[in-house]
Structures are given as structure tokens and as C-alpha cells.
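Fold and contact review
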Amino acid sequence: TQLLEQSPQFLSIQEGENLTVYCNSSSVFSSLQWYRQEPGEGPVLLVTVVTGGEVKKLKRLTFQFGDARKDSSLHITAAQPGDTGLYLCAGARETSGSRLTFGEGTQLTVNP
Amino acid sequence: KAGVTQTPRYLIKTRGQQVTLSCSPISGHRSVSWYQQTPGQGLQFLFEYFSETQRNKGNFPGRFSGRQFSNSRSEMNVSTLELGDSALYLCASSFRPTGTGAYEQYFGPGTRLTVT
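The sections below set out a description of the structure shown in this document. (Residues numbered from 1 in each chain as written. Chains lettered and ligands numbered in written order. Predicted model: local features only at pLDDT ≥ 70, side-chain atom pairs only at ≥ 80, totals over all residues. Heavy atoms only, no water.)

1. Some remarks on the sheet that holds strand E6 (residues 55–58) of chain A
Residue and element names in this part refer to chain A.
- Spatially, E1-E3-E8-E7-E6 is the arrangement adopted by the 5 strands of the open sheet, whose pairing is antiparallel. Sheet topology places strand E1 (5–7) and E6 at the edges, where each strand pairs with a single neighbour. The mean inter-strand angle of the sheet, taken between neighbouring strand axes irrespective of direction, is 15°. (Pairing = 2+ DSSP bridges. Helix = DSSP H or I, 4+ residues; strand = E, 2+ residues; numbered from the N terminus. Axes fitted to C-alpha atoms, helices over the stretch in contact; angles between N-to-C directions.)

2. Description of the pattern of salt bridges
Residues and elements named next belong to chain B.
- Following the criterion strictly, the structure yields 8 salt bridges over all chains and no others.
- The partner of Arg55 in a salt bridge is Glu48, and the shortest N-O contact between them spans 2.6 Å.
- The closest approach of N and O atoms between Arg63 and Asp85, which form a salt bridge, is 2.8 Å. Of this pair, Arg63 sits in the loop between strand E6 (53–57) and strand E7 (64–68) while Asp85 sits in the loop between strand E8 (74–78) and strand E9 (87–95), and the two are 22 residues apart along the sequence.
- Each member of the salt-bridge network shares a partner with another, and the members are Arg63, Glu82 and Asp85. (Salt bridge = Lys/Arg side-chain N within 4 Å of Asp/Glu carboxyl O.)

3. A few points about the nonpolar core
- Core analysis: the biggest nonpolar cluster contains 21 residues, and Trp34, Leu46, Phe64, Met76 and Tyr89 of chain B have the highest contact counts within it.
- Mapped by element, the contributors of at least two residues to this core are strand E3 (19–24), strand E4 (31–38), strand E5 (42–50), E8, E9 and strand E11 (111–115) of chain B.
- Ignoring sequence-local partners within four residues, the contact set of Leu46 of chain B consists of Trp34, Tyr35, Gln36, Lys57, Gly58, Phe60, Phe64, Met76 and Tyr89 of chain B.
- Core analysis: the second largest hydrophobic core is formed by 20 residues, Leu4, Ile13, Cys23 and Val47 of chain A among them. (Core = buried A, V, L, I, M, F, W, Y, C linked by side-chain atoms within 4.5 Å. Buried < 20%, exposed > 50% of the residue type's maximum accessible area, 1.4 Å probe, protein only. Contact = heavy atoms within 4.5 Å.)

4. Observations regarding the state of the cysteines
- In total, this model carries 2 disulfides over all chains according to the counting rule given.
- A disulfide bridge connects Cys23 of chain A with Cys89 of chain A, and the sulfur atoms are separated by 2.0 Å. On the S-S bond that ties Cys23 of chain A to Cys89 of chain A, the torsion sits near 75°, and the link is right-handed. One end of the pair, Cys23 of chain A, is in strand E3 (residues 19–24); the other, Cys89 of chain A, is in strand E9 (residues 85–92), and 66 residues separate them in sequence.
- Its relative accessible area of 0% is what places Cys89 of chain A among the buried residues.
- Two residues, Cys23 of chain B and Cys91 of chain B, share a disulfide whose sulfurs are 1.7 Å apart. Between Cys23 of chain B and Cys91 of chain B, the S-S dihedral sits near -55°, and the bridge is therefore left-handed. With a gap of 68 residues between them, Cys23 of chain B in strand E3 and Cys91 of chain B in strand E9 connect regions that are remote in the sequence. (Disulfide = S-S within 2.5 Å.)

5. Structural notes on the side chain of Ser73 of chain A
All names here are of chain A.
- Inspection of the secondary structure puts Ser73 in strand E8 (residues 71–76).
- A relative accessible area of 16% places Ser73 in the buried class.
- Not counting residues up to four positions away in its chain, the partners in contact with Ser73 are Thr20, Val21, Tyr22, Trp34, Thr62, Phe63 and Gln64.

6. Things to note about the interface of chain B and chain A
- Counting residues at the interface gives 24 residues for chain B and 19 residues for chain A.
- Of the roughly 1,600 Å² buried between chain B and chain A, counting both surfaces, carbon and sulfur atoms make up 53%.
- Three residues, Leu43, Gln105 and Phe107 of chain B, lead the burial of chain B against chain A; their summed loss comes to 30% of the area buried on that side.
- Seen at the junction of chain B and chain A, the total is 0 salt bridges. (Buried area = accessible area lost by both parts, 1.4 Å probe.)

Shown next as C-alpha cells:
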């Protein structure tokens with residue numbers, strides 16, 4: 001059972017376009033994290049959101065945690081080829097230590 | 001600070017053999033988690049160790065085991081390897097910043113295991 005549904009699974013866009021990746025669940029998470037992974041490497045933490053409704057910005061990336069802490073989104077403005085990679089959302093629960101439940105990932109390709 | 005290191009980076013084993021993978025966390029991090037990543041299943045949680053004790057365990061068979069040493073270094077072992085165990089095995093070193101309540105996880109580069 002996949003507790004975190006990510007969409008879309010694949011996204012191929014042109015440089016300069018905007019995009020949004022969604023991460024949805026029927027479960028409540030105490031925090032949600034977004035990672036980016038490149039081939040042959042481990043995921044790299046981009047952001048952690050912990051409060052319902054929280055919005056965080058990292059340069060051209062905007063992350064939002066849903067009010068009910070069941071969903072999240074990642075918006076990229078003016079995508080660049082360097083943004084290409086696998087984007088993963090991961091949820092944590094208070095009673096589960098550092099255990100994360102991952103979404104399936106969104107493979108983003110930004111073409112020059 | 002040095003990042004999370006995993007050894008070896010690549011391994012090829014045959015069915016029925018066993019394998020041991022090693023992970024050195026970031027200095028000062030006491031929690032180490034292991035994940036299996038495959039194209040079909042994505043990242044699946046194996047187990048977490050904190051201060052030498054297994055704190056969480058995922059839904060994997062008993063062939064998968066792990067341990068943590070007093071210096072926080074961790075190993076995982078897979079016995080009686082099956083073809084389906086071919087995957088990228090990732091180790092994550094975690095700490096909880098004061099006041100956030102959320103762990104931040106830092107992943108190593110992984111060990112690519114191929115079972116033939």
C-alpha cells in the first residue's frame with residue numbers, strides 16, 4: 001500500500017517553464033520532506049515542513065504543506081536543466097522515530 | 001563535516017550467498033536508517049537503529065538484519081540472497097534539530113547490489 005501518492009510520475013518540460021509536483025495522502029504526517037535524487041547518488045534533502053499551511057521557499061522552489069498535513073506540493077518557477085532529477089516526497093510520523101514513508105517519485109527532465 | 005559513507009559502492013553476488021553492507025553516519029548523528037530502492041517499489045524502509053538498538057522495522061523478511069555499533073556505524077546483512085534483492089541500498093544518518101520535532105535525514109550514495 002502506497003501511503004503517499006506523487007503526481008505526475010514523469011514530467012518533461014522546456015527550460016523556463018513552471019511546474020508543480022503533488023504529494024497526497026489520506027494519512028496525517030507530523031512532517032513532510034522533499035528530496036532530489038540524481039542517478040547513482042542518494043537523495044538530497046531540500047526542505048522539511050512541519051506546520052499545516054506552511055510555505056517555504058528555496059530560490060526558485062516553493063514548498064507547501066497542506067492545512068491538514070496530509071498533502072504537499074513543490075512548485076518550480078522558470079525551470080532550468082540543472083533542476084533535472086528525481087523528486088521524492090517523504091512523510092514522517094511522531095511515533096515512528098526517523099522512519100520515512102516515501103512517495104514513488106517524480107522524474108523531472110528540463111530540456112534546454 | 002564529512003557526509004554519510006557507504007561501502008562497498010557496488011557488489012555482485014550469486015543467489016544463496018550472503019552480503020554485509022556498511023554505513024558510517026555523520027559525526028554526532030545517533031540514528032541510522034536503511035532503505036531499499038528498486039524501480040518497481042521505490043524507497044522502502046528496512047530498519048532504524050538508535051544508540052545500538054533497533055527502534056523501527058519495516059516489512060522485510062528475517063533474511064534482512066542489521067546492527068549498530070557504539071560509534072554509531074551500522075551494518076546490514078542479507079542472507080540467502082534472491083534475485084529480487086537486487087537494489088540500491090541506502091543508509092540515512094539522522095538528527096533532530098532543537099525545536100522542530102522533525103528528523104532531518106542525510107543519505108549516503110548507496111550500495112548497488114546485483115544478485116545473479
